[in-house]
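Structural overview
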Amino acid sequence: MARTIVIAGNWKLNLSVEEGVALAGALAKEAGNDREIVVFPTALSVYPAVQAAAGSKVEVGVQNAYWEVSGAYTGELSPELAKAAGAKWVLIGHSERRQYFGETNETCNQRVQATLRAGLKPMLCIGETLEERESGRLDEILRGQITGGLANLSADDLADLVIAYEPVWAIGTGVVATEEQAQDAHALSRGIVRDLLGDAFADSVRILYGGSVKPDNAAGLLGQEDIDGALVGGASLKADVFSGIINS
Ligand code: PGA
């Protein structure tokens, strides 16, 4: 089944509003092929990035969102507020949030549910540490992240879901997974999705690879059967470099 490629840029804690607007504007001008393009700026830059990309195919998302709609939750933002600012996506469960901010499969599930409640598209990140991989726990970890993150939701509920497989040992390290390692983990993830939500859903859900994706390794990764796009950190911060991945 043909699955449209998604190329997403996770800006993390980088780029001022001015820099983010310039980057979103540059990508909006360039994004000329049939791939879906998404950027995840800092929360400060979401609204101006939406304005800068208006009329183009570049969509904007938030890097995280809380599950309450509004109220006394200092420092948080909700999917509803993100939507009102023009965001279309919520990134959920990035390994940096799991590692530094106490994100669990349960809280990821609450965020997925809140994202769907607001009518936004969830991008759920999964991935194992090197220690987990080397101790033979890859299946167990991915199964827990997928099953836990998508608990209590049906295939219909999850029609807009995108999964991003990002081995923690490949993020920001320059150590990209080999095409074979990535394909194997993607096939494993798709199989877990199949067990949970059935064939039709598993065949249509997009699973992106993330972790040291660069213009020179993107084509090989995207050529793998079960790799449907890329979630890019460092190489998404410069328009020409990110465009090299978009057009790879
Ligand atoms: P990287 O980050 O491309 O800099 O490795 C990927 C990510 O964290 O999404």
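Above this note sits the structure.
Read on for a plain summary of the structure. All of these numbers come straight from a predicted model, not from anything done at the bench.

Thoughts on the overall build of the protein
Counting its regular elements, the protein contains 11 helices and 8 strands. Compactness check: the protein gives a C-alpha radius of gyration of 17 Å against a globular reference of 18 Å for 248 residues, within 12% of the reference. With respect to the principal axes defined by its C-alpha atoms, the protein has extents near 45 × 45 × 35 Å. With 248 residues in all, the protein has 52% of them scored as buried. Of the accessible surface of the protein, which amounts to about 10600 Å², a share of 51% is contributed by carbon and sulfur atoms. Averaging the locations of the 20 positively and 33 negatively charged side chains of the protein gives two centres separated by 4 Å.

Here we look at the site of the ligand
In the neighbourhood of the ligand, 13 residues make up the surrounding shell, with K12, H94, E166, G172 and S212 lying closest. Here an oxygen atom of the ligand and a side-chain polar atom of E166 are 2.6 Å apart. Surface burial for the ligand is 96%, taken as the share of its 280 Å² of free accessible area covered by protein chains. Tallied by class, the residues present in the shell around the ligand amount to 4 nonpolar, 7 polar and 2 charged.

Considerations on the packing of aromatic side chains
Under the defined criterion, the tally for this structure stands at 4 aromatic pairs. Between the aromatic rings of Y66 and Y73, the centroid separation amounts to 5.2 Å while the plane-to-plane angle is 55 degrees, which identifies the pairing as tilted. Judged by relative accessible area, Y73 falls into the partly exposed class, the value being 36%. Where Y100 meets F101, the ring centres are 6.3 Å apart and the plane angle is 90 degrees; that geometry is what we call edge-to-face. Grouping residues by exposure puts Y100 and F101 together as exposed. The side chain of R97 reaches across the aromatic face of F101, ending 4.2 Å from its centre.

Some remarks on the sheet that holds strand β3 (residues 58–62)
Here we have 8 strands rolled up into a closed barrel, ordered β1-β2-β3-β4-β5-β6-β7-β8, and parallel in their pairing. The mean inter-strand angle of the sheet, taken between neighbouring strand axes irrespective of direction, is 25 degrees. The strands touched by helix α8 (residues 179–197) are β5 (121–126), β6 (162–165) and β7 (206–210); relative to β7, the strand with the most contacts, the crossing angle is about 145 degrees.

Structural notes on the side chain of S243
Position of S243 among the secondary structure elements: in helix α11 (residues 239–246). S243 gets classed as buried once you look at its relative accessible area, which sits at 4%. Apart from residues lying up to four places away in sequence, S243 is in contact with L27 and E30.

Focus on the packing of helix α7 (residues 138–149) against α8
One can describe the packing of α7 onto α8 by two numbers: an axis separation of 10 Å at closest approach and a directional angle of 45 degrees. In terms of orientation, α7 lies oblique with respect to α8. In this structure, α7 meets α8 at a crossing whose hand is right-handed. Only A185, L188, S189, I192, V193, D195 and L196 of α8 make contact with α7, whose side of the interface consists of L138, D139, L142, R143, I146 and T147. A per-class count over the contact of α7 with α8 returns 8 nonpolar, 2 polar and 3 charged.

Criteria and thresholds
- Residues numbered from 1 in each chain as written.
- Predicted model: local features only at pLDDT ≥ 70, side-chain atom pairs only at ≥ 80, totals over all residues.
- Heavy atoms only, no water.
- Helix = DSSP H or I, 4+ residues; strand = E, 2+ residues; numbered from the N terminus.
- Rg over C-alpha atoms; globule rule 2.2 N^0.38 Å.
- Buried < 20%, exposed > 50% of the residue type's maximum accessible area, 1.4 Å probe, protein only.
- Areas by Shrake-Rupley, 256 points an atom, 1.4 Å probe, with all protein chains shown as cover.
- Lys, Arg positive; Asp, Glu negative; His and termini not counted.
- Charge placed at Lys NZ, Arg CZ, Asp CG, Glu CD.
- Near = heavy atom within 4 Å.
- Polar contact = N/O pair within 3.5 Å; in protein donor to acceptor, adjacent residues only side chain to side chain.
- Nonpolar A, V, L, I, M, F, W, Y, C, P; charged D, E, K, R; others polar.
- Phe/Tyr/Trp six-rings, centres within 6.5 Å; stacked < 30°, edge-to-face > 60°.
- Lys NZ or Arg CZ within 6 Å of the ring centre and 35° of its normal.
- Pairing = 2+ DSSP bridges.
- Axes fitted to C-alpha atoms, helices over the stretch in contact; angles between N-to-C directions.
- Contact = heavy atoms within 4.5 Å.
- Parallel < 35°, antiparallel > 145°, perpendicular 65-115°, else oblique.
- Left-handed = near helix turned anticlockwise from the far one by under 90°.

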